[in-house]
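Spelled out from the first residue to the last, the chains are:
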Amino acid sequence: MTQDELKQAVARAAIDYVVDGEIIGVGTGSTANFFIDELGKIKERIKGAVASSEATASRLRGHGIAVFDLNDVESISVYVDGADEIDASGAMIKGGGAALTREKIVASVSGKFVCIADGSKLVETLGTFPLPVEVIPMAAAAVTRRLAALGGQPRLRTRAGSTDAFVTDNGGYILDVAGLSIVDPVALETTINQIVGVIAVGLFAQRGADVCLLGTGEGVRTLRF
Ligand code: 5RP
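Asks: Would you mind going over the sheet that holds strand 7 (residues 131-135) with me for this structure?
Replies: As a general point, the strands of a sheet are linked pairwise by backbone hydrogen bonds and lie either parallel or antiparallel. With antiparallel pairing, the four strands of this open sheet are ordered in space as 8-9-7-10. In this open sheet, the two strands that pair with only one neighbour each are strand 8 (153-156) and strand 10 (198-201). The sheet shows a mean angle of 30° between the axes of neighbouring strands, taken without regard to direction. Two elements, strand 8 and strand 9 (residues 173-178), share four bridges in a ladder whose sense is antiparallel. If you follow Pro 154 over to strand 9, its bridge partner there is Val 177. Relative to strand 10, helix 6 (residues 185-193) is tilted by about 165°, and along the sheet it contacts strand 7 and strand 10.

Here's what the structure looks like:
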C-alpha cells in the first residue's frame, strides 16, 4: 500500500468516531484532508466543524460542511488530526503543516483526540522530525538563541522557493528545531512554552492523543492511551 492509501484507510476508519448531530474538530495536513473528504460523504450526519487552519476551513466549505468559529462553540466531543510523529504514550510532534497553534487550541477543548497517521509516524523517541515552534516575528532571533541553548538547531521556516519567512495563519513565524532527542516531552513542552515570544510549541504531550489509528500494511491498528 502507498503512504496515501494508508492515510486514506485511517481517514475512513476515523469516521467511526464521528458523533451524529455534533460539531467535530478537524485538523490540518494531507491525512486530515483525506478525513475531510470522508466527512463530506456523511456531512448530513453532523452539524458542522471547527477548523484548525484556513486551509482546512476552505476544504470543509468546499464539501458543503458548515465551519463554526470556536468562540461560538461550547464543547467538541471529538478532534481528528494527523501527526508528524507519535510515541507509545500518545505524545506527538505536530506542526509540519504550520497549523500547530490552532490545532492545539481546538484539541484543548475537545473531549477525545483521535490521531490518524500512517505507520511511519510511530516512533520510539520523539525528535527526529524537527520540532516546530511558532513565534512572534520580532522574537524570532531571541527565541532561536534560547532554543539553541536547549541543545536544538533552530531554523526559520521559509516560503517554498523563497528566502522570505513563512507566515502562519496567525501572523507568526515557525522555527523548526532539529537535533532534539525528546526523552521527556511533557517537561520540554513546559520549558519551551515558558520562553517569552513563543506562541505555541508543536509538542502535544500534556494533551496528547487518546486514540491513534495507525495505517499499516496489515490494516488499521488502533492504539489507545
Ligand atoms: C499540521 C500538522 C499535521 O497534522 C502534520 O504535519 C501531519 O501532516 P500529514 O498528515 O500531511 O503527514 O501538524 O500542522
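And the narrative resumes.
Asks: I keep staring at the pattern of salt bridges and nothing clicks. Help me out?
Replies: A side chain with one charge may pair with a side chain of the opposite charge, provided their charged atoms come close. Applying the stated criterion to the full structure yields eleven salt bridges. The shortest N-O distance in the salt bridge between Arg 45 and Asp 20 comes to 2.8 Å. Residue Arg 45 is located in the loop between helix 2 (30-41) and strand 2 (48-51), and its partner Asp 20 is located in the loop between helix 1 (3-14) and strand 1 (23-26); the two are separated by 25 residues in the primary sequence. On the basis of relative accessible area, Arg 45 is assigned to the partly exposed category, the value being 33%. The shortest N-O distance in the salt bridge between Arg 207 and Asp 210 comes to 3.0 Å. Judged by its relative accessible area of 25%, Asp 210 falls in the partly exposed class. Taken together, the shared-partner salt bridges in this structure form one network comprising Asp 81, Lys 94 and Glu 103.

How each quantity is defined
Residues numbered from 1 in each chain as written. Predicted model: local features only at pLDDT ≥ 70, side-chain atom pairs only at ≥ 80, totals over all residues. Heavy atoms only, no water. Pairing = 2+ DSSP bridges. Helix = DSSP H or I, 4+ residues; strand = E, 2+ residues; numbered from the N terminus. Axes fitted to C-alpha atoms, helices over the stretch in contact; angles between N-to-C directions. Contact = heavy atoms within 4.5 Å. Salt bridge = Lys/Arg side-chain N within 4 Å of Asp/Glu carboxyl O. Buried < 20%, exposed > 50% of the residue type's maximum accessible area, 1.4 Å probe, protein only.

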